[in-house]
Each structure stands twice: as structure tokens, then as C-alpha cells.
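# Coordinate inspection notes
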Amino acid sequence: AADAKTVVVTAAHMIDVLGGKRVDNPQVTIVDGRITTVGRKGDAVPAGADRVDLGERTLLPGLIDMHVHLTSDPTLSGYRQLEFTDNFWTVVGVANARKTLDAGFTTVRNVGSANYDDVALNQGIERGYVPGPRIVPATYALGATGGHCDATEYPPSIQVPHPQIANTPDEFRGAVRTIRKYGAEVVKVCMTGGVLSKTDSVGAQQISLAEIKAIVQEAHMLGMKVAVHAHGVEGINDALRAGVDTIEHASLADAESFKLAKASGAWFDMDIYDDDYILAEGAKNGVFPESLEKERQVGLKQRQTFRAAHAAGVRMLFGTDGGVYPNGNNALQFAKMVEWGMTPIEAIQAATSSAAVALGRTADVGAIDRGRFGDLIAVDGDPLTDVRQLEHPSFVMKGGAMVIAPK
Ligand code: ARG
């Protein structure tokens, strides 16, 4: 069309995540937000195109974080949350959405928030009211009474509403239908205990095999994937037997888990940076002492499991649990993934091409590839020799629109 908006981006290098290699002198053309050609510097440039030359920088696809909570702030942990009105957290989400996008994360999966505030945030971003990444919202995480995703830190006289707590397979089916009705695009389920919840045991299974099977069947029927919070091995393995799509945390997974995941094609999405942050800042931030104790039980084990799962050939994603540490610092996890066994290209693929596959969004995100959104970042050095380059992108573009302009 005559009024199409065309942008041509050139750089010295590009990480081709689909090919798993670095290429020189890329030239990427974006028309009305989507990539139309990926060629070489010197190729023809459409008349009237805007030009962005990134000099010596290395171009990459916009990053994807498969596990965030944009509406959480770790400095307001434990009972500190009681100081704030319900919709305060949506406002927190507005600030965190901008920080996350500025950090080079152009897509996130938001796996759990109250009040459908991730749907609101996504609508505000999509309509251009506030800047932020593309959001795949889960809305309320489903869970059992007294489980990790229920509010268990209050006495019986104080009722905290959570409409998606359920206790039978049929109730969970209804919960899946309800969250989809109000905007969920993925189903998050709290299958075992957790760290930051006050009263449950971190490894204990909280949802039965029959219940998770019902959730998976219902979600898949409706075209939604299922993301399962699970630290404990029994819960991980029953979730895998039920055919879930991603295991979040996966801290105490064992060889049987690896076998089940490889057989079903499920992904592990392990937040292996968080242990550092929680142990350093948690007490100061108001994290419950019980939670700090639970973190000491699983933190190191989770990293060892990450290494073993990757070595065993389990498919891995990049998911950080943003909100457990300050949103916007997501890229700190890349160095941990390399420290615990991945090559830099594997860690980058976990946050790009693999994430797109796990989201079922290979037509849209996760690679610099014809047809996908013009979601691009650039770093000054070589991320394949120093993955920490990803901690400070000097250029961010979303849908062909400049977010951070190169200096
Ligand atoms: N949301 C998770 C939970 O409360 C955070 C776990 C963080 N710790 C870790 N080692 N990954 O269970």
C-alpha cells in the first residue's frame, strides 16, 4: 500500500536463532510491523523507507520471558501487600511493563495475577495507552484450597477472594472455562507447594492426577496450553503424565521426570536466577521466614536439576518469575543458564525460537524471520561469547516501532 510504513534495519551482525549461528551484515525490512525480508546490507531498499543503522552492534530477535508476574513487586512481599488497594497492582504492572520492554523483552507470558489485571494491562498496551511487551495472560492461577495459589497466610475470619480455587475435576473444568471467558490465553495451575506461600510444604503435591487430567483436557479442547507450577517430584510427574505443556520451577524433578518430559514433548521452564535474589533481599523485603527456609531447601537443588535436565535432553525455556525479583532485570538469568550448563546460543534460543514454539506463536514472535513481528533488539558486543551482553540492549524495537533508539 502507498501509505505502508517501512523500516529498514542494518547492523554488523545478527544472531540467526533458527539456524543457531551468527551472520554478518544483516538487513531487515519491516512493513507495517511485520518482517518482510531478511537480507544483506546492500540489498535494495524500498523507496521512502525509514533507515536504522546499528553500526557495529549485533541484532537479535526480541526476547521472550515465559514466566513473569508484571503486577508483582518483590519489595512489597509478605504482609506488606495489605497496605494497598486491589487495583494498586495494575498500576505496578504499568510500570513493570515498561521496564520489561526497555530490557528487550518484547513478549511475556504472565502466569498468574488477580483481578484480571494482566488482561487489562495487555489491552492498554495493545491500544497504545502505555508501553509494554506483548502479553500472554493466564489471569488467575488455578489451585486447590490451602495450596500455593490460595491465600493461606490469613486467619479464617479474613477471606481473600480467589475465584479460581477448585477441588474436583469438574470444578477445575469450570475454572478453565471461566478464565478463558475473561481473557486467559494460557492456563496456569499450582500443582505443588511453593516457596513464597507461607504455610504449605514446598514439595507436596496439591492437585490429583484426575484433576490435572481434567484441566489439560479442557484447556486443550479450548486451544489453550497448560503451565504447571511444580517443585515436588510427584506433582511434576503426574502433571507430565497428564500431558501438560510446561513445568514451571521443576526444582526436584528426577530421571523419571526427564523421561516423561522427553516422551510428551513438555518443556521445563526453570527460574534459576531467583535463589540469589530471594536469599540476598528477601528478609529485607518482608518475605515470610518460612519462605526463606523453603528457598534454602530448593534453591541449589533446582540449579542442579537444571543442569541434569538439560544434559538429559529435556527441552528448556527461559522463564524467570519476574516479580519474585524486580521486573526488568529478567536478563540476569542468561548468565545463570550458561553457568549451569547451557551454551549462550542455547540460552538465547530458550528465550526466542523455543519460547515461540512453546507458545504456539511461531508465526509471530521468537525469530528474525519473514512474516513475524518486527520485534528486534541489539547489543554492543558478541552475545555468543558473553551472554551478559543481553543485560543491556542498546536498541529495542517492537512491531517496527522504536522503543530504545541506538545512541
Ligand atoms: N514463585 C515461586 C514459588 O514461590 C518462586 C520460587 C523461587 N525460588 C527458586 N529457587 N526458583 O515457589
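Quick look at the structure, then. Quick caveat: nothing in here was measured; it's all calculated off a predicted structure.

All right, on to the sheet that holds strand E11 (residues 186–190) then. With parallel pairing, five strands are arranged side by side in an open sheet as E11-E12-E13-E14-E15. A single partner strand is all that each edge strand has here, and the edge strands are E11 and strand E15 (315–317). Taken pair by pair, the neighbouring strands of this sheet meet at an average axis angle of 25 degrees, ignoring direction. In this structure, E11 lies alongside strand E12 (residues 225–230), joined through five bridges in parallel fashion. Counted as the bridge partner of Val187 is Val226 from E12.

Near the ligand there are 14 residues, and of these Val195, Leu196, His231, Glu295 and Asp321 occur at the shortest range. A distance of 2.8 Å separates an oxygen atom of the ligand from a polar atom in the backbone of Leu196. Glu295 places a side-chain nitrogen or oxygen 2.7 Å from a nitrogen atom of the ligand. Protein chains bury 96% of the 350 Å² of accessible surface belonging to the ligand in isolation. Looking at the shell around the ligand, the elements that each hand over two or more residues are helix H7 (274–285) and helix H8 (289–312). Ranked by the residues each element gives to the shell around the ligand, the list is headed by H8, at three residues. The residue inventory of the shell around the ligand, partitioned by class, reads three nonpolar, seven polar and four charged.

Right, let's talk about the environment of Ala311 for a bit. Summarising the element assignment, Ala311 is placed in helix H8. Note on Ala311: relative accessible area 66%, which makes it exposed.

Another aspect to go through is the state of the cysteines. Per the stated rule, a full pass over the model turns up one disulfide. Between Cys149 and Cys190 runs a disulfide, and the two sulfur atoms are separated by 1.8 Å. Of this pair, Cys149 sits in the loop between strand E10 (134–137) and helix H3 (169–181) while Cys190 is found in strand E11, placing the two residues 41 residues apart along the sequence. Judged by relative accessible area, which is 1%, Cys190 ranks as buried.

This part is about helix H6 (residues 255–264). Within the span of H6, buried status applies to Ser257, Phe258, Leu260 and Ala261. Summarising the axial view, the buried residues of H6 lie within an arc of 165 degrees, below the 170-degree limit, and thus occupy one face. In H6, those exposed residues whose orientation departs by more than 90 degrees from the buried face are Ala255, Lys259 and Ala263. Buried residues along H6 sit against helix H5 (233–242), strand E14 (267–269) and H8. Sitting at the head of H6, Asp254 places a side-chain oxygen 3.1 Å from the backbone nitrogen of Glu256. Remark: Gly265 follows H6 within two positions and exhibits a positive phi of approximately 85 degrees.

As a further point, take the packing of aromatic side chains. Taken as a whole and assessed by the stated rule, the structure comprises 11 aromatic pairs. Plain terms: the ring middles of Tyr273 and Tyr325 are 5.5 Å apart, the flat faces sit at 80 degrees to each other, and that makes the pair edge-to-face. Here Tyr325 lies in the loop between E15 and helix H9 (332–339) and Tyr273 lies in the loop between E14 and H7, a separation of 52 residues in the sequence. Comparing Tyr273 with Tyr325, the two get one shared label, buried. One aromatic cluster is present, formed by Tyr79, Tyr154 and Phe288 through successive ring pairs. For Arg134, the ring lying beneath its charged end belongs to Phe373, and the centroid distance is 3.6 Å. Geometry around Trp267 places Arg315 over its ring, the cationic atom sitting 3.9 Å from the centre.

The rules behind each value
- Residues numbered from 1 in each chain as written.
- Predicted model: local features only at pLDDT ≥ 70, side-chain atom pairs only at ≥ 80, totals over all residues.
- Heavy atoms only, no water.
- Pairing = 2+ DSSP bridges.
- Helix = DSSP H or I, 4+ residues; strand = E, 2+ residues; numbered from the N terminus.
- Axes fitted to C-alpha atoms, helices over the stretch in contact; angles between N-to-C directions.
- Near = heavy atom within 4 Å.
- Polar contact = N/O pair within 3.5 Å; in protein donor to acceptor, adjacent residues only side chain to side chain.
- Areas by Shrake-Rupley, 256 points an atom, 1.4 Å probe, with all protein chains shown as cover.
- Nonpolar A, V, L, I, M, F, W, Y, C, P; charged D, E, K, R; others polar.
- Buried < 20%, exposed > 50% of the residue type's maximum accessible area, 1.4 Å probe, protein only.
- Disulfide = S-S within 2.5 Å.
- Arc of directions from axis to C-beta.
- Contact = heavy atoms within 4.5 Å.
- Phe/Tyr/Trp six-rings, centres within 6.5 Å; stacked < 30°, edge-to-face > 60°.
- Lys NZ or Arg CZ within 6 Å of the ring centre and 35° of its normal.

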